[in-house]
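A structural walkthrough
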Amino acid sequence: MSYKNILVGYDGSDPSKKALKKAVELSKIMKSDLHIVGVVRPFQFAAVDFILPEEIEAYEKEEISKEERFLKEALEIAKESGIEAKTKVLEGEPAEELMSYADANGCDLIVVGHRGAGGFKRLILGTTAGNLVKYANQSVLVVK
Ligand SMILES: Nc1ncnc2c1ncn2[C@@H]1O[C@H](COP(=O)(O)OP(=O)(O)O)[C@@H](O)[C@H]1O
Ligand SMILES: [Mg+2]
């Protein structure tokens, strides 16, 4: 068994870090390319009564630079194991964006953690992980 392009979803959370480490190990063993992708959700309007467009823009910029910092740290983790990974920040709904990225870039395995940043502690399987397992065209490895 071998995978050529492994995609790992990284949101900076501990479970996603664990998933990243497994993905790094796998790409080392299988000599696969490693793609590390972080998805930033658009601003959720329902949370507030009134907000200025520039506040939304500032919020989204901040979220993007936060994710860029996560990806830089992920790149370092991969590099420590001798893996030169590709990274990308996308905007939208995490599971959807990860699936489109996987389809568009010939990824044949998606690796994620069982939980992420946020979400409910009593959930055994986070919504992003669950949706990927249900709807992705690729095999999904949910790291626990
Ligand atoms: N915004 C995101 N960008 C990239 N990967 C993500 C994102 N959100 C979640 N993931 C991946 O999915 C895994 C499970 O997270 P998720 O299903 O969102 O759980 P939760 O509901 O606890 O937030 C994470 O460990 C990470 O690998
Ligand atoms: Mg989440």
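These lines cover the structure that appears in this document, whether it is placed above or below.

What counts, and where the lines are drawn
- Residues numbered from 1 in each chain as written.
- Chains lettered and ligands numbered in written order.
- Predicted model: local features only at pLDDT ≥ 70, side-chain atom pairs only at ≥ 80, totals over all residues.
- Heavy atoms only, no water.
- Near = heavy atom within 4 Å.
- Polar contact = N/O pair within 3.5 Å; in protein donor to acceptor, adjacent residues only side chain to side chain.
- Areas by Shrake-Rupley, 256 points an atom, 1.4 Å probe, with all protein chains shown as cover.
- 1 Å grid on protein atoms, 1.4 Å probe; cavity = no way out; pocket = protein on both sides within 12 Å on 5 of 7 lines; lining within 4 Å.
- Sits in = over half its atoms within 2 Å of the grid points.
- Helix = DSSP H or I, 4+ residues; strand = E, 2+ residues; numbered from the N terminus.
- Nonpolar A, V, L, I, M, F, W, Y, C, P; charged D, E, K, R; others polar.
- Axes fitted to C-alpha atoms, helices over the stretch in contact; angles between N-to-C directions.
- Parallel < 35°, antiparallel > 145°, perpendicular 65-115°, else oblique.
- Left-handed = near helix turned anticlockwise from the far one by under 90°.
- Contact = heavy atoms within 4.5 Å.
- Core = buried A, V, L, I, M, F, W, Y, C linked by side-chain atoms within 4.5 Å.
- Buried < 20%, exposed > 50% of the residue type's maximum accessible area, 1.4 Å probe, protein only.

**Considering the site of ligand 1**
Taken together, the neighbourhood of ligand 1 is formed by 22 residues, with G9, V39, R115, T128 and A129 sitting nearest. A distance of 2.6 Å separates an oxygen atom of ligand 1 from a polar backbone atom of R115. Between T128 and ligand 1, the recorded distance is 2.8 Å, taken from a backbone N or O atom to an oxygen atom. If ligand 1 stood free it would expose 550 Å²; the protein chains cover 95% of that surface. According to the grid-proximity analysis, the pocket containing ligand 1 is the largest pocket. Those elements giving two or more residues to the shell around ligand 1 turn out to be α1 (14-30), β2 (33-40), α3 (94-104), β4 (109-113) and α4 (127-135). Classifying every residue of the shell around ligand 1 by side-chain character gives nine nonpolar, eleven polar and two charged.

**Some points on the packing of α3 against α4**
Direction vectors running N to C along α3 and α4 enclose 45 degrees, while the axes themselves pass 9 Å from each other. Of the possible angle classes, the one that applies to α3 and α4 is oblique. The two elements α3 and α4 cross, and the hand of that crossing is right-handed. Across the interface between the two elements, P94, A95, L98 and M99 of α3 pack against T128, N131, L132 and Y135 of α4. Split into classes, the residues belonging to the contact of α3 with α4 amount to six nonpolar, two polar and no charged.

**A closer look at the nonpolar core**
Considering soluble globular proteins, one finds that nonpolar side chains tend to be buried as a cluster. By size, the foremost hydrophobic cluster in this structure holds 20 residues, and its most contacted members are I6, V8, Y10, L20, L34, I36 and V111. The set of elements that each furnish at least two residues to this core consists of β1 (5-9), α1, β2, α2 (53-80) and β4. For this core, the leading source of residues is α1, giving five residues. Residue contacts for I36: discarding those within four places in its chain leaves V8, Y10, L20, L71, A74, L75, A85, K86, T87 and K88.

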